[in-house]
Amino acid sequence: MYPYIHIVLPSYAAMAFAGGAAALCLMYARLETYQIPFTSFLRMFFFSAAGGVIGSKLLFAVTQLPWLIGHFTFKNLLLFLPQSGYVFYGGLFGVIFILLLMTRKDRDLRRRVFRLAVPAMPLFHAFGRVGCFLAGCCYGKELAGIKKVGPLEFTRIPVQLAEALAEMILFVVILIVEKKKDCADLLRIYLAAYAGIRFADEFLRGDLIRGIYFGLSTAQWISLAILFFYLIGFLRGRTGRRWAFRKTEKRETS
């Protein structure tokens, strides 16, 4: 007889699954709002999920190339990707790339798909960061002694929980912006906001496995690239509006 079933689950995988389920339910509830057929949604979800896994693996592999070069064997080469970790930015770009690819022939569909999908991104990531905390990865710097917060005791900065909280706040903000502004570029808002969050909280991280270059981590360099990209776009937009305004003024005065 087996009156009890004892199941041991890896905490990170369990939280990632919970985050994926929450994101899936959120998007499913909004399908009718954005008039996306269920079959098309399932296809895009499957391929974007695969793109996310592959992208996260590839970016982690890139950060570990110095190790692979220094410890090169055919066995290490074959096991490199299957046994490597995950990098969120790589997964995020993998998802975005697949969605862009699958909506390349329909700009209106692309707009609706990203308005559907973007709020699910910080929601999923918040669950993932809690999983990081439970698994002990992506840990923060050591604290001077043990710090107690209620029943919890910390020997390191709980940067994973701080980022999870920031992601949930960002999730709520994106939903508010979505309701108030139909023309808002939710993807740009999310990427720029998350880049700022990630750049800041990386200073609190204590793990160096992701690579440190000129005093900044890989994620911080990517965050800076995202912020620089949107800053250039913003400045170009302002310059274009100024030129258009000046041309209008000249026509009115002439």
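The coordinates are above.
Only a predicted model underlies this, so the values are computations on that prediction, with no experimental measurement involved.

Criteria and thresholds
- Residues numbered from 1 in each chain as written.
- Predicted model: local features only at pLDDT ≥ 70, side-chain atom pairs only at ≥ 80, totals over all residues.
- Heavy atoms only, no water.
- Axes fitted to C-alpha atoms, helices over the stretch in contact; angles between N-to-C directions.
- Helix = DSSP H or I, 4+ residues; strand = E, 2+ residues; numbered from the N terminus.
- Parallel < 35°, antiparallel > 145°, perpendicular 65-115°, else oblique.
- Left-handed = near helix turned anticlockwise from the far one by under 90°.
- Contact = heavy atoms within 4.5 Å.
- Expected span 1.5 Å × (residues − 1).
- Buried < 20%, exposed > 50% of the residue type's maximum accessible area, 1.4 Å probe, protein only.
- Nonpolar A, V, L, I, M, F, W, Y, C, P; charged D, E, K, R; others polar.
- Phe/Tyr/Trp six-rings, centres within 6.5 Å; stacked < 30°, edge-to-face > 60°.
- Patch = residues over 30% accessible without salt bridge, like charges linked within 9 Å, V, L, I, M, F, W, Y side chains within 5 Å.
- Areas by Shrake-Rupley, 256 points an atom, 1.4 Å probe, with all protein chains shown as cover.
- Salt bridge = Lys/Arg side-chain N within 4 Å of Asp/Glu carboxyl O.
- Pairing = 2+ DSSP bridges.

Enquirer: Describe the packing of helix α1 (residues 11-29) against helix α2 (residues 38-63), with residues and values.
Expert: When two helices pack together, their arrangement is given by the angle between the helix axes and the distance between those axes. Where α1 contacts α2, the two axes come as close as 11 Å, and the packing angle between them is 150 degrees. In terms of axis orientation, α1 runs roughly antiparallel to α2. Here α1 and α2 pass one another in a crossing that is right-handed. Residues L24, M27 and Y28 of α1 touch α2, and the partners they reach there are F38, F41 and F45.

Enquirer: Before we move on, could you go through helix α7 (residues 120-135) and cite the residues and values that matter?
Expert: For α7, spanning 16 residues, the distance from its first C-alpha to its last is 23 Å, which sits close to the expected 22 Å at 1.5 Å a residue. Listed as buried for α7 are A120, M121, P122, L123, H125, A126, G128, R129, G131 and C132. On its buried side, α7 packs onto α1, α5 (88-102), α6 (107-117), α8 (159-180) and α9 (186-201). Of the residues flanking the end of α7, it is G136, one or two places downstream, whose phi is positive at about 85 degrees.

Enquirer: Quick rundown of the packing of α8 against α9? Include the residues and the values.
Expert: Relative orientation of the contacting elements α8 and α9 amounts to 160 degrees, with a least axis distance of 11 Å. Taken together, α8 and α9 sit at an angle that is classed as roughly antiparallel. As α8 packs across α9, the resulting crossing turns out to be right-handed. Contact with α8, carried on its side by V159, E163, A166, E167, L170, I174, V177 and E178, involves L186, I189, Y190, A193, Y194, I197, R198 and D201 of α9 and no other residues of that element. For the contact of α8 with α9, a count of residues per class yields eleven nonpolar, no polar and five charged.

Enquirer: Would you mind going over the packing of aromatic side chains in detail, with residue names and values included?
Expert: Counted according to the given criterion, the structure contains eleven aromatic pairs. Plain terms: the ring middles of Y89 and F93 are 5.6 Å apart, the flat faces sit at 15 degrees to each other, and that makes the pair stacked. On the criterion of helical spacing, the pair formed by Y89 and F93 is a turn pair, its members being four residues apart in helix α5. When the centroid spacing of 5.4 Å and the interplanar angle of 85 degrees are considered together, the rings of F199 and F203 count as edge-to-face. Residue class for F199 comes out partly exposed when judged on its relative accessible area of 21%. Aromatic ring contacts, followed pair by pair, group F88, Y89, F93, Y190 and Y194 into a single cluster.

Enquirer: Could you give an account of a nonpolar patch on the surface, with specific residues and numbers?
Expert: A grouping of Y213, F214, W221, L224 and L227 is seen on the molecular surface, where their side chains present a nonpolar patch of about 520 Å² in accessible area. Inspection of the secondary structure assignment puts W221 in helix α10 (residues 218-253).

Enquirer: Break down unusual backbone geometry for me, with residues and values.
Expert: Peptide bonds are trans in most cases, and residues, glycine excluded, mostly fall at negative phi. You will see that Q35, though not glycine, has its phi angle at about 50 degrees, which is positive. Overall, Q35 belongs to the exposed group, its relative accessible area being 63%. Although it is not a glycine, C138 adopts a positive phi angle of roughly 55 degrees. Within the secondary structure layout, C138 lies in the loop between α7 and β1 (142-149). Overall, the relative accessible area of 17% leaves C138 in the buried class.

Enquirer: Outline the pairing of β1, supporting the account with residue identities and numerical values.
Expert: Within β1, only zero of the eight residues are buried, leaving the element largely exposed. In the sheet, β1 pairs with strand β2 (residues 152-156) via four bridges, with the strands oriented antiparallel. The residue of β2 that forms the bridge with V149 is L152. Once β1 ends, the chain turns through two residues before running back antiparallel as β2, passing G150 with a positive phi of about 65 degrees.

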